[in-house]
Amino acid sequence: MKSREGVPVYTFLFDTYFLRLFLPVAIILIVYISYIPLVIMLVIYFLYTFYIHFYAKSVSKQVYVHTDKKSLRLFVNEMEEISIDIHNNAQVPITHGKLDFILDKNIELMESKFLHKSLSEPRYSVDFQQEKKTVYTVRFPFKAKARGVYFIDDLNMMIHDFFGSSFVYFPSIGQGSTEIIVYPEQLEVKYLSLLSMNRIGEEEVTHSYFSDETSVVGVKPYEKESFRHIHWKATAKMQSMYSKQYQYITNKRYTVMLYITDRNGITLHEKGEKLISHTAFLCTYLTEKNLSYELYVNYLNKEGVFKQPLNTGINHLQRTLETLARVQDGYQFIRENQFISIANENADRTSEIIYISGEQPSHMSLDRYLYIGAEGELRRSGGKTREIN
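Residues numbered from 1 in each chain as written. Predicted model: local features only at pLDDT ≥ 70, side-chain atom pairs only at ≥ 80, totals over all residues. Heavy atoms only, no water.

Novice: How should I be thinking about the overall build of the chain in this particular structure?
Specialist: The secondary structure content of the chain amounts to 6 helices and 23 strands. Here the chain holds 389 residues, and the buried ones make up 43% of them. Intrachain contacts of the chain at a sequence separation of at least 6 include 69% that bridge at least 24 residues. (Helix = DSSP H or I, 4+ residues; strand = E, 2+ residues; numbered from the N terminus. Buried < 20%, exposed > 50% of the residue type's maximum accessible area, 1.4 Å probe, protein only. Contact = heavy atoms within 4.5 Å.)

Novice: Before we go on, may I ask you to explain the side chain of Ser 125 in this structure?
Specialist: By secondary structure assignment, the location of Ser 125 is in strand S8 (residues 123–130). The exposure class of Ser 125 is buried, given its relative accessible area of 14%. With near-sequence residues (within four places) excluded, Ser 125 lies in contact with Lys 98, Leu 99, Asp 100, Phe 114, Leu 115 and His 116.

Novice: In this structure, what is going on with the packing of helix H1 (residues 16–33) against helix H2 (residues 36–62)? I would like to understand it.
Specialist: When two helices pack together, their arrangement is given by the angle between their axes and by how far apart the axes lie. Closest axis-to-axis distance for the H1/H2 pair is 11 Å, and the angle between their directions is 155 degrees. Judged on the interaxial angle alone, H2 and H1 are roughly antiparallel. Judged by the twist between their axes, the crossing of H1 over H2 is left-handed. Here Thr 16, Phe 18, Leu 19, Phe 22, Leu 23, Ala 26, Leu 29 and Ile 30 of H1 lie close against H2, whose contacting residues are Leu 38, Val 39, Leu 42, Tyr 45, Phe 46, Thr 49 and His 53. Classifying every residue of the contact of H1 with H2 gives 12 nonpolar, 3 polar and no charged. (Axes fitted to C-alpha atoms, helices over the stretch in contact; angles between N-to-C directions. Parallel < 35°, antiparallel > 145°, perpendicular 65-115°, else oblique. Left-handed = near helix turned anticlockwise from the far one by under 90°. Nonpolar A, V, L, I, M, F, W, Y, C, P; charged D, E, K, R; others polar.)

Novice: Just to check I follow, could you spell out the pattern of salt bridges for this structure?
Specialist: Two side chains bearing opposite charge may form a pair once their charged atoms approach each other closely. Scanning the model with the defined rule gives 12 salt bridges in all. Ionic pairing is found between Arg 147 and Glu 273, a salt bridge with its closest N-O pair at 2.6 Å. With Arg 147 in the loop between strand S9 (134–144) and strand S10 (148–151) and Glu 273 in helix H4 (residues 272–288), this residue pair connects regions lying 126 residues apart in the sequence. A relative accessible area of 12% means that Arg 147 is categorised as buried. Judged by relative accessible area, which is 42%, Glu 273 ranks as partly exposed. (Salt bridge = Lys/Arg side-chain N within 4 Å of Asp/Glu carboxyl O.)

Novice: Help me out: how do you make sense of a nonpolar patch on the surface in this one?
Specialist: Among the surface-exposed residues, Leu 23, Ile 27, Ile 28, Ile 30, Val 31, Tyr 32, Ile 33 and Tyr 35 lie close enough to one another that they form a single nonpolar patch of about 830 Å² accessible area. Its location among the elements puts Ile 28 in helix H1. (Patch = residues over 30% accessible without salt bridge, like charges linked within 9 Å, V, L, I, M, F, W, Y side chains within 5 Å. Areas by Shrake-Rupley, 256 points an atom, 1.4 Å probe, with all protein chains shown as cover.)

As structure tokens, then:
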């Protein structure tokens, strides 16, 4: 993004309005008094005034600030660098320039000798000098301290002439083009072994992510599988140990529902950051296991309730983390009963639901689903959770 044209501002003695009043007086003094020292002083004054106006107008039209339109993606506590380019296309050098901007307190700029921070707000300033016809790049290393999306705000610049008789003010370009996307921290979800288990009666039984144990397609020689996998009829007939061969599942699917607001459905939950961190951890885990998931979050966008379609892979996870990074109080949220109803209606029918709100949902109409409890533990509806080693 490029800044707007600068506005020259002159001190009173060199202001255009003052010159219009003083010029007739100066002419009268030169013509009628003809005092040589006075004449020299007036000539020097007008030459200096001409130089000041030439300098200020050159700078105002041919100097500008530019920030690249790009996104910086990083995790909490990671380091990155912001850069701002100052283009001086004028025929004059910049002898005293000052750049200042506001940056959110969750983006911590590293200390440097040329960077100054205001005591009252997270406003920073940089003093600089620059040769004519050059580009000066200011670089700011920083550390991300919290999840969110941040920009350089209220970026403006002021350039003084050598003697401070005038300055050029470059109006704020508002929000800079460089976007800083800080992904949420990943907070462990306990008992994820439940994802590889089925319930038989009151017991949880381990199964493979990649085979459907309800669909036997044949038999194969026994390879020390679990006792329940033995095909007893084939074993008795062949007089040798055989096990069941199951239908191969190429991609197990999950529907992740994140309800992030208080029960009133208006403001973020007091444990909202924790819920977001659990969601980030869960989706990363599913991606690592090459499992597909779709994500619903209880806020509205142009298409209705937010939905990230079913998919898997690194790009899918990156979109999830970016979505979670952008969630903020200003969003239009909906209540839990509406959210569950809409998400259930649109969710993939073959997916298993994982609900995230810090407690078991009271409006869920399904009998079987998973949810994340208050301590970040994965639970299955209707039963107790125990850790599986």
